[in-house]
Amino acid sequence: MPAVKTRTIADINQKIADGTVTVLTVQELKALVAEVGVSSAFQQVDAIATGTFEPMDASGAVLNVGHSDPPIKMARATINDVPAYAGFGAVDLYLGASQPSERRDERYGGGHAISDLIAGKSLHLHAVGHVTDCYPRAEIDTQITKDRLNQFYLFNPRNAYQNFIVGVNGGDRTLYTYLGPLQPRLGNAVYSNPGCLSPLINDPELKTVGIGTRIFLGGAQGYIAWEGTQHFPNQKRLPNHTPIGPAATLALIGNAKDMSDRWVRGCYFRGYGPSLMLGVGIPIPVLTPEVVERAAVSDSDLVAPVIDFAIPRRVRPSFGMVSYEQLKSGQVMLNGQTVRVASLASLYMSQAVAETLRDEIRAGRFLLSEAVAPLPSDRPFFPLQEN
């Protein structure tokens, strides 16, 4: 038989249905390519499972709580004292992951409330109404659970950064940032992308993902809904096509009622605020040998910029680029100084996301999907101008 030169997603889905599909985690794929080469790996593998588990601030949940008797048109609402946006429907709410509680411990926020709902807990809802003839109720206090919500789904405007930065602090006092505490005088460095495990790093030109791609989201099946906010595919790139800093992002959607609090966890950054740790896995269909070649990229082939947070400006000075291989070693050299490094992304949980997605595909419970439209490949990035 002649060697297979290309595949289709329909071909792969048929093998999933037949129980004959070969799917590897991206780490397993990289090891196979190192052993047998790109061409042979392409012949053997149908799909690749990627994963990340990292803080994703730009996340949130849409909730429809149903109508009370008498009905209320919610003007302001809190869930466990976390403000939820109520401006787009009488009983529709949007709960942002990074919104802090108004009355509880500052370490509790929207991400915690979302995770608590997913875990099956009962949460307090307080709402003040905009009184009208059809919505005469002025206020309500009650408890909600996910089983009593009509809709409860994550709709996340910006997830799964294709790459990100490394934060350091060249100043003389500790800074509390979205990367966590940065110690003065280059006392530490923090990064938040899992490098060669990261979903979009392994498809740098976004050739196998697009709007409508089915993904693993928080333990359930979700979808790429749109480009993410701050989507910047025009980022400068290395010869292997991977970006040298923050680049593509995704807007994701999925049914939170089917999710697990193992993969959706509230978190808190001291001096910065609450957020959400989220597991995202994207399957890469192995359609051509080029797909394998791109996904074979190693941490030594990927770089991120080291940014000094001591300068409080939009554009901060950089200490240059470091590879993810250096970052994962636990230390880097900056200005002749050895700097200890920590990762905000859980490399263990990122690998676990990929393994779970792989196993779901192998078991026939997860089919790949054709994108209905590509993600934009040309987007400018505008700063906010002051008039």
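One structure accompanies this document, and this report is about it. Computed from a predicted structure; not experimentally measured.

## With respect to the overall build of the chain
The secondary structure content of the chain amounts to 7 helices and 26 strands. Here the C-alpha radius of gyration of the chain, 22 Å, is about what a compact globule of 387 residues would show, namely 21 Å. Summarising its shape, the C-alpha atoms of the chain cover approximately 70 × 60 × 40 Å along the three principal directions. Sorting the 387 residues of the chain into buried and exposed places 52% on the buried side.

## Examining the environment of R104
With respect to the secondary-structure elements, R104 resides in the loop between β7 (92-96) and α4 (110-118). On the basis of relative accessibility, which here comes to 38%, the residue R104 falls in the partly exposed class. For the pair R104 and N80, spaced 24 residues apart in sequence, the C-alpha to C-alpha distance is 8.0 Å. Contact partners of R104, with chain neighbours within four places excluded, come to N80 and D81. For R104, the side chain forms a polar contact with the main-chain oxygen of N80, separated by 3.2 Å.

## With respect to the nonpolar core
For soluble globular proteins, nonpolar side chains are generally found buried alongside one another. If you look at the biggest cluster of nonpolar residues, it comprises 49 residues, and the most contacted ones within it are L63, M74, I79, L93 and F152. With 4 residues, the single largest contributor to this core is α4. The next biggest cluster of nonpolar side chains, apart from the first, holds 21 residues, and it includes A49, F53, F216 and F366.

## Focus: unusual backbone geometry
In this chain, D69 is followed by P70 through a cis amide linkage whose omega measures 0 degrees. Along the chain, P70 turns up in the loop between β4 (60-64) and β5 (74-79). One non-glycine residue with positive phi stands out, namely R185, at about 55 degrees. Note on placement: R185 falls in the loop between β13 (180-182) and β14 (189-191). Residue class for R185 comes out exposed when judged on its relative accessible area of 53%.

## What to know about the pattern of salt bridges
If the charged atoms of two oppositely charged side chains come close together, the side chains can form a pair. Counted under the stated rule, the structure contains 14 salt bridges. Of the charged contacts in the structure, one is a salt bridge between K121 and D116, with a shortest N-O distance of 3.4 Å. Relative accessible area serves as the criterion here: at 46%, K121 is assigned to the partly exposed category. Between E227 and R379 there is a salt bridge, with the nearest N and O atoms lying 2.7 Å from each other. Taken together, the residues span a long stretch of sequence, with E227 in strand β17 (residues 220-227) and R379 in the segment after β26 (373-374) at a distance of 152 residues. Exposure remark for R379: the relative accessible area of 32% places this residue in the partly exposed category. One network of salt bridges, in which partners are shared, links E205, K207, E290 and R294.

## A closer look at the pairing of strand β25 (residues 337-343)
In this sheet, β25 lies alongside β14 in parallel orientation, the contact comprising 3 bridges. Note on β25: the bridge partner recorded for A189 is V341. Here strand β24 (residues 331-334) folds back onto β25 in antiparallel fashion, the turn holding 2 residues, of which N335 has a positive phi close to 55 degrees.

## Details of helix α1 (residues 9-18)
Residues spaced three or four apart along an α-helix point in a common direction, a consequence of the helix completing one turn every 3.6 residues. Of the residues making up α1, those classed as buried are I9, I12, N13 and I16. Seen along its axis, α1 keeps its buried residues to an arc of 100 degrees; they face one direction. Structural note: α1 exposes A10 and A17 on the side pointing more than 90 degrees away from its buried face. Those residues of α1 hidden inside the fold are in contact with β21 (283-285) and α7 (347-362).

Quick notes on the rules
- Residues numbered from 1 in each chain as written.
- Predicted model: local features only at pLDDT ≥ 70, side-chain atom pairs only at ≥ 80, totals over all residues.
- Heavy atoms only, no water.
- Helix = DSSP H or I, 4+ residues; strand = E, 2+ residues; numbered from the N terminus.
- Rg over C-alpha atoms; globule rule 2.2 N^0.38 Å.
- Buried < 20%, exposed > 50% of the residue type's maximum accessible area, 1.4 Å probe, protein only.
- Contact = heavy atoms within 4.5 Å.
- Polar contact = N/O pair within 3.5 Å; in protein donor to acceptor, adjacent residues only side chain to side chain.
- Core = buried A, V, L, I, M, F, W, Y, C linked by side-chain atoms within 4.5 Å.
- Salt bridge = Lys/Arg side-chain N within 4 Å of Asp/Glu carboxyl O.
- Pairing = 2+ DSSP bridges.
- Arc of directions from axis to C-beta.

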